[in-house]
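# Per-entry structural report
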Amino acid sequence: IAACAEEGAQLAEVDISVSKDGIAVLSHDKTPYRVVNEPHWGGAYSIKSGARTIDAMTFAELQKYWLVRNEFSGSSTPHKIPSLEEALQIAKACGIHLQLDSKNKASATAVIRAIENQDAWQYVLLGPTFSSSALHNITERVATSLKTEKRETDSNKILEEKQVRVVLSYDN
């Protein structure tokens, strides 16, 4: 994320999964093994059957692994699988926006918690891969919490003020 910002990018797209203990993490795959220092290849360059999925592992278990430079080298980097909160901290520090996508049906609750904990709504675009019910839950929760804080009644005005942004489709 920081490297993207250094190159002049204003937006980085990241995929979100959720660990067994409800922590939103950055991961494109259902399992962590393609990008970490753990032998994992089965036949024909496929992940071994029976490999544990991210949603079956706690965040602490995920932190046992180091990310690798590329999936075939096994050469470790100094980085671990980041939580969404960690990614949002970096995004805020670098002034870059994150488009969050949910390849693996990431929990809207975990995503909201991370964004709210970092007060980072203005740095986030919610991608179209979140289900419509998840997007509805997200916008309703934000509007409800802000109504309570500001005694405001217009949900759309509140969401606009909080700068909640949703990408409805990649086609448009």
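The rules behind the values
- The residue numbers shown here count from 1 along each chain, following its written sequence.
- Two thresholds apply to this predicted model, a pLDDT of at least 70 for residue-level local features and 80 or more for giving and counting side-chain atom pairs, whereas whole-chain, interface and lining totals are computed over all residues.
- Based on all heavy atoms of the structure, the side-chain values leave hydrogens and waters out of the count.
- Strands here mean DSSP runs of E at least two residues long; helices mean DSSP runs of H or I at least four residues long; both are numbered from the N terminus.
- Here, the term nonpolar core denotes a set of buried Ala, Val, Leu, Ile, Met, Phe, Trp, Tyr and Cys residues that are joined through side-chain atoms within 4.5 Å.
- The rule is simple: take the accessible area with a 1.4 Å probe, protein chains only, and divide by the maximum for that residue type; under 20% is buried, over 50% is exposed, in between is partly exposed.
- Note on pairing: DSSP must find at least two bridges between two strands before they are called paired.
- This arc is built from the directions going out from the helix axis to the C-beta atoms.
- Contacts are assigned to residue pairs with any non-hydrogen atoms lying within 4.5 Å of each other.

The subject of this paragraph is the environment of Thr-109. Turning to its location among the elements, Thr-109 is positioned in helix H4 (residues 108–117). Between the C-alpha atoms of Thr-109 and Ala-24, which are 85 residues apart in sequence, the distance is 9.1 Å.

Grouped together as the largest cluster of nonpolar side chains are 23 residues, with contacts concentrated most on Ile-16, Leu-84, Leu-88, Leu-98, Leu-100 and Ile-115. Looking at this core, the elements with two or more residues in it are strand E1 (11–18), strand E2 (24–26), helix H3 (84–94), strand E3 (97–101), H4 and strand E4 (124–126). Considering every element that reaches this core, the biggest residue donor is H4, with 5 residues. Counting residues in each nonpolar core, the second largest holds 9 residues, with Tyr-33, Met-57, Leu-62 and Ile-81 among its members.

So, about the pairing of E3. A large share of E3 lies buried, amounting to 4 of its 5 residues. Bridge count between E3 and E4: 3 bridges; the pairing is parallel. Considered in E4, the bridge of Leu-98 is made with Val-124.

Before going further, it helps to examine H4. Along H4, the residues classified as buried are Ala-108, Ala-110, Val-111, Ile-112, Ala-114 and Ile-115. A positive backbone phi angle near 45° is found at Asp-119, which sits one or two residues after H4.

Right, let's talk about H3 for a bit. The periodicity of an α-helix, 3.6 residues per turn, causes residues three or four positions apart to be oriented the same way. Every buried residue of H3 is listed here: Leu-84, Ala-87, Leu-88 and Ala-91. Each buried residue of H3 sits inside an arc of 100° when the element is viewed along its axis, so together they form one side. In the core, the buried residues of H3 are packed alongside E1, E2, E3, H4 and E4. Backbone geometry just downstream of H3 places Gly-95 in the positive-phi region, at approximately 75°.

Functional significance is not addressed by these values, which are geometric in nature.
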